[in-house]
Amino acid sequence: MPAFDHDLVIIGAGPAGLTAGLYAARARLNVLLIEKAVPGGQIIVTDWIENYPGFPEGISGFDLAEKMKNQAEAFGLKMETAEVHSLNLTPDVKEVVLQEKTIKAKSLIIASGASPKNLTPDVKEVVLQEKTIKAKSLIIASGASPKKLGIGEDRYMGKGISFCATCDAPFFKEKTVVAVGGGDTAVQEAIYLTKFVKKVFLIHRRDELRATKILQERAFANDKIEILWDTVATGVDGFFGIEGVHVKNVKTGEEKTLKADGCFIWVGTTPNTQFLNDSLDTDAYGFIHADARMQTSVPGVFTAGDVRDTPLRQVSTAVGDGAIAAVSAEHYLENELT
């Protein structure tokens, strides 16, 4: 019989992972949560969250993440800082012993009325840099990262290009910056930038924003924000840092350079699934497919939060995903033959 290190391993400590960890620890599962960076995920760089239930006055992303972490640890959740390099989700072999031969199978259906012995859940191996952890079940809540435009992000990262207004806005006090995007994050962060900068050029490739109406209204009313419609960023230039952002109108073809000291980019996310190595079914963008119980294409492997193929990526939906995934993992473990 294989030796398991944990009943459940959770990968990722954003709202989904922390909620899953809270539920699993409260259910007295032997659970370990692995996070490669700081617990909280993307919300720790979110200035203010005002649509999470229970906080009518709003709460900073950092404070909300800290409260979630502390609550989960209060129920006994164990956490480890490490990066997952790969997963081994190959099913264990089940052996059916007959009189004259032994048949090997990946799975069995037993309808004989007997109580079979020595059957265990398939081993799920989580490969870290220095060790491999064996678990009976997994929850993948690794989240997603900001998508790049390919306009010089690698060269100018930390030298004018940023994906986090909360982190970097103070460096641009009384300067002019460009913000790229039209969704909730882009508009909310552009508004936040105006607390520090002199002017924000908000550029969006369409002729209307995708952000919620209340955020749009705030942006339109902010005299520090100038919106450039039907426009995309095509490049940046500068010697030590950014001095200008090249933009193009997608309807007229007009190109120009905006004199700016920084460029903040919010054009969507890419799932953090590099370690999967095609071991799970995903959509065309790499987001993990799952059913209503957060069950993936591999039995005993669940997913939750922004890494999942979902129509909405919010803190509240991530929390719901995490709770469902943890309860589903608990039921999976209860129903496995041991």
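Bear in mind that the values here come from a model prediction, so they are computed numbers and not experimental data. Counting starts from 1 at the beginning of each chain's written sequence and moves along it residue by residue. It should be noted that, the model being predicted, local features are given only for residues of pLDDT at least 70 and side-chain atom pairs only at 80 or more, the latter also being counted only at that level, while totals for whole chains, interfaces and linings use all residues. Side-chain metrics rest on all non-hydrogen atoms present in the structure, leaving aside hydrogens and water.

### Looking at the overall build of the chain
Our working definition: Labels follow the DSSP assignment, with helices taken as runs of H or I lasting at least four residues and strands as runs of E lasting at least two, numbered in each case from the N terminus. Burial status follows relative accessibility: with a 1.4 Å probe on protein chains alone, a residue under 20% of its type maximum counts as buried, one over 50% as exposed, and anything between as partly exposed. By the convention used here, residues are in contact when the closest approach between their heavy atoms is within 4.5 Å. In this description, accessible areas are obtained by the Shrake-Rupley approach with a 1.4 Å probe, and a residue is regarded as covered only by the protein chains that are shown. We count Lys and Arg on the positive side and Asp and Glu on the negative side, and we leave His and both chain ends out. A charged residue contributes its charge at one atom only: NZ of Lys, CZ of Arg, CG of Asp or CD of Glu.
In terms of regular secondary structure, the chain is built from seven helices and 19 strands. Summarising its shape, the C-alpha atoms of the chain cover approximately 80 × 40 × 35 Å along the three principal directions. For the chain, the proportion of its 338 residues judged to be buried stands at 47%. Restricting to contacts in the chain with at least 6 residues of sequence separation, those with at least 24 account for 62%. Looking at the chain as shown, the accessible area adds up to about 17,700 Å², and 50% of this sits on carbon and sulfur atoms. Positive and negative side-chain charges of the chain, numbering 37 and 44 respectively, have mean locations separated by a distance of 1 Å.

### Describing unusual backbone geometry
In this structure, E174 is a non-glycine residue whose phi angle is positive, near 60°. Relative to the helices and strands, E174 resides in the loop between α4 (165-168) and β11 (176-180). One non-glycine residue with positive phi stands out, namely N277, at about 50°. Within the secondary structure, N277 sits in the loop between β18 (269-271) and β19 (301-303).

### Observations concerning the state of the cysteines
Rules: When the sulfur atoms of two cysteines come within 2.5 Å, that pair is taken as a disulfide.
Within this structure, the stated rule accounts for one disulfide. Summary of cysteine pairing: C263 is not part of a disulfide, and the nearest cysteine sulfur, belonging to C164, is at 14 Å.

### Digging into helix α6 (residues 213-221)
Our working definition: Directions from the helix axis toward the C-beta atoms define the arc.
Those residues of α6 that fall on the buried side of the exposure criterion are L215, Q216 and A219. Mapping the buried residues of α6 onto a view down its axis gives an arc of 100°, with all of them on the same face. Looking at α6, the residues exposed on the side facing more than 90 degrees away from the buried face are K213, E217 and A221. Those residues of α6 hidden inside the fold are in contact with α5 (184-193) and β13 (225-228).

### Regarding the side chain of S86
Turning to its location among the elements, S86 is positioned in strand β4 (residues 86-88). For S86, a relative accessible area of 19% gives the class buried. When near neighbours in sequence (up to four residues on either side) are disregarded, S86 contacts E125, V126, V127, F275 and N277.

### Remarks on the pairing of β11
Looking along a regular strand, one sees the side chains alternate between the two faces of the sheet. Going by this rule: The pairing criterion is simple: DSSP has to find at least two bridges between the two strands. A clockwise path from the first strand over the helix to the second, with the strands pointing away from the viewer, defines a right-handed crossover.
With five of five residues buried, β11 lies mostly within the body of the structure. Here β11 shows two buried faces, one formed by T176, V178 and V180 and the other by V177 and A179. Alignment of β11 against strand β12 (residues 199-203), held across five bridges, turns out to be parallel. From the neighbouring strand, A179 faces β12, where its bridge partner is L202. In this fold, β11 hands off to α5, which returns the chain to β12; that crossover is right-handed. Direction of pairing for β11 relative to strand β17 (residues 262-265): parallel, over a ladder of four bridges. Following the sheet pairing, V180 is matched in β17 by I265.

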